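Letter by letter, the chains look like this.
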Amino acid sequence: MNIKHSFTSEQELKDTLDFIYEKSKSGKGFNGILEAAFNEVTIVTAIHNIKSNKGANTPGIDGSRMNKYLQMDKNKLIGLIQKSIEDYIPKPVRRTYIKKANGKLRPLGITTVIDKIIQECIRIIIEPICEAKFYPQNFGFRPYRATNHAMTFAKTLVNLNIPQKPIIAIEGDIEGYFDNINHRILLRKLYRIGVKDKRILEIIKKMLIAGYVYGNEKFQTDKGTVQGGCISPLLANVYLNDFDWMIGRMYHHPKSKYKNECYARSNLKRNGIIPKYLIRYCDDWLIMTTMLSEAKRILSFLQKYYKHRLKLNLSKEKTLITNLEENRVKFLGYELLAAQPRARPDNKGCKGLVGKFYPAKAKVIAKVDNICKEIMKLKSMQDSKTMAAQIERINSIITGAAEYYKVAICSNTYKFMDHRIMQTAYRTFRKIYGKKYRQHLVQLSQLNNRPHRHEKRKDKTFAVQYEDKWIGLTKSYITHSQWDKYNYNQKATPYTQEGRRLYIIEKKGSMISPLARSPIYEDVELFNCNEKSLNNFEYYMNREYAYNRDKGRFKICRENLKSNYRHCQRIDGTLPLDKINKVPNLAWFCYNCLKLVQSQDVPQGVNSKMKSKILIYRKKLKVLN
């Protein structure tokens, strides 16, 4: 069926994606994807998505950065993208390497900005087609899903209240997965999953064979996808989707006359079928079953399946069968073990095994070693400002690691991290300050950085003084462990109204999409401008971010934004073009408040809170003469 491509707002785009998801669920395939993908609204949404990514401004082989395109007129930028697709020839990616935790190098491909936007436009439209047909227990690189959902499901399987628990695990490891994906098989799988538009398939094929540049040499790519490309994670999931369903149909999601899967599985059990469950996160997967003989049989079958059907190889050294009662299995940076529950008054006498996740020791040690190296860099820094900035950078790494590990049994991990970090900080501060290092031992509650995190904490840490404020190292133990009580709700998806509602409930907050809630999208006339105008594409985008930052309210009076009654003001109008339209320099005012800011006197009757804000913005406001 053909996709509607005449939408004119993000809400209409969202409705279109919901419709695609619904029809794909019922087995439909889609044509007309090209027109929908390169509609003006889709292009704007794609640029929003890319701009919010940390690596958005990293240049490809052409040296161009996202900032260059944001300074363009909106219509010219949209026209450039649409023209690029007419006879599309993607540029080779710039190859770089990043070090993995085990010391090996992982290749990373950096595409040009135009190619990123084109990939993201296609991904936006084809993702709901694929999402509708993905395996439920595939948690990798999918919207609303994360590593903790995969862990919780694996742990829940061990916790099942049944005589024979699935504690025999096959730990799957695919050799060089991203680098060895077969292009012909991938394109065939895309077509079968519902992407019927052959123009889109041809564009994806061109992306796959574009090659890469390393140093000054260009290399061809006759297999594999780019690690770092916008569309690569989605393509990687499509490639393994048939594998997911093949294992799932064996027991967990059987085809059956029964509407309820529980009845279908019970029927299989009565017929002697041994239970087996798959959990996958991109190229990492676990198959859990109840018998060692069944695990060996499945693994023998999968080695042939991967080799002949997917043109991939399973690593003989890393693809292991483990009894969780005897050893831990490694999965997503954690280790899963089946053990007796901790003795507590409410489970006294309980003898059944339960699943326990622990942070993987090797991964933790590598992370702590990296933090310690960052701490030692303080020795070479000359002034307190630079040291304070480095300490905050270290704190972001510490809290990031603590947040990642909090979904597991992490108390001992936090103790190890804090002990090693404080030891390194002690040696570093003693080297810098000599015997005066004790003057830099400060209670956490006295620190001026991250005050909400450190309040009421009496233990000490190392800190530097900058502008009469103590900036110190945080500790990981302050982050509390937080386990998921329930499995991921499969109805939570960005492509249904109910799915979005469930996600909001889970997050206990609201999702704000840069365009979705904004009433300011209709100001098209602002962007019929020449190249030297301040109303460039960056202004067009960033005023939406300013709107979301202030939760849809005016900066001074805090009333809700009203159409035809608001103005997005540049606070410092003297800045150069590449800085004047950044989000911190934009603020929304109603016309009454703007007049008060620009006038000399504040009239009587204005409350003290508003008056204070008006005076603040009078000092800040700088207009280019």
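Refer to the structure printed above.
The structure contained in this document is the topic of the report that follows. (Residues numbered from 1 in each chain as written. Predicted model: local features only at pLDDT ≥ 70, side-chain atom pairs only at ≥ 80, totals over all residues. Heavy atoms only, no water.)

## Re the nonpolar core
One recurring pattern in soluble globular proteins: nonpolar side chains tend to sit buried together.
Argument step 1. Judged by nonpolar contacts, the single largest core of 129 residues is most densely connected at Ile122, Ile125, Ile204, Ile279, Trp285, Leu302 and Tyr306.
Argument step 2. Looking at this core element by element, the count peaks at 11 residues for helix α6 (residues 113-131).
Argument step 3. Setting aside chain neighbours within four positions, we find Ile204 in contact with Ile122, Ile126, Leu187, Leu190, Ile231 and Leu235.
Argument step 4. Cys557, Ala587, Trp588 and Leu621 belong to the second largest nonpolar core, which has 22 residues in total. (Core = buried A, V, L, I, M, F, W, Y, C linked by side-chain atoms within 4.5 Å. Buried < 20%, exposed > 50% of the residue type's maximum accessible area, 1.4 Å probe, protein only. Helix = DSSP H or I, 4+ residues; strand = E, 2+ residues; numbered from the N terminus. Contact = heavy atoms within 4.5 Å.)

## Let's talk about the environment of Gln71
Argument step 1. As for its placement among the helices and strands, Gln71 is situated in the loop between α4 (66-70) and α5 (74-84).
Argument step 2. Of the residues examined, Gln71 reaches a relative accessible area of 15% and is grouped as buried.
Argument step 3. A C-alpha to C-alpha distance of 32 Å links Gln71 and Pro128, two positions 57 residues apart in sequence.
Argument step 4. Look past the residues within four positions of Gln71 in its chain and what remains in contact with it is Asn536, Glu538, Leu577 and Asp578.
Argument step 5. Polar contacts involving the side chain of Gln71 include one to the side chain of Asn536, which spans 2.9 Å. (Polar contact = N/O pair within 3.5 Å; in protein donor to acceptor, adjacent residues only side chain to side chain.)

## Considering empty space enclosed by the protein
Argument step 1. Taken as a whole and judged by the stated rule, the model has two cavities of 30 Å³ or more.
Argument step 2. Approximately 40 Å³ is the volume attributed to the largest cavity.
Argument step 3. Along its surface, the largest cavity is lined by Asn148, Met151, Thr152, Lys155, Phe357, Val407, Trp483 and Asp484.
Argument step 4. Looking at which element gives the most residues to the lining of the largest cavity, the answer is helix α7 (residues 147-159), with four residues. (1 Å grid on protein atoms, 1.4 Å probe; cavity = no way out; pocket = protein on both sides within 12 Å on 5 of 7 lines; lining within 4 Å. Points joined across faces, edges and corners; volume = space filled by probe spheres on them.)

## What to know about the packing of aromatic side chains
Argument step 1. Under the counting rule described, the total for this entry stands at 25 aromatic pairs.
Argument step 2. Taken together, a centroid distance of 6.3 Å and an interplanar angle of 20° make the contact between Trp285 and Tyr306 stacked. One end of the pair, Trp285, is in strand β7 (residues 284-289); the other, Tyr306, is in helix α13 (residues 292-309), and 21 residues separate them in sequence. Each of the two residues, Trp285 as well as Tyr306, counts as buried.
Argument step 3. With centroids separated by 5.4 Å and ring planes inclined at 80°, the aromatic side chains of Tyr426 and Tyr437 adopt a geometry described as edge-to-face. Of the two residues, Tyr426 is situated in helix α16 (residues 411-433) and Tyr437 in the loop between α16 and β12 (441-443); the sequence distance between them amounts to 11 residues.
Argument step 4. By way of ring pairs, the aromatic residues Phe243, Trp285, Phe301, Tyr305 and Tyr306 are connected into one cluster.
Argument step 5. When the ring centre of Tyr617 is taken as reference, the NZ or CZ atom of Lys620 above it lies at 5.1 Å. (Phe/Tyr/Trp six-rings, centres within 6.5 Å; stacked < 30°, edge-to-face > 60°. Lys NZ or Arg CZ within 6 Å of the ring centre and 35° of its normal.)

Remember that the coordinates give geometry; whether it matters functionally is a separate question.
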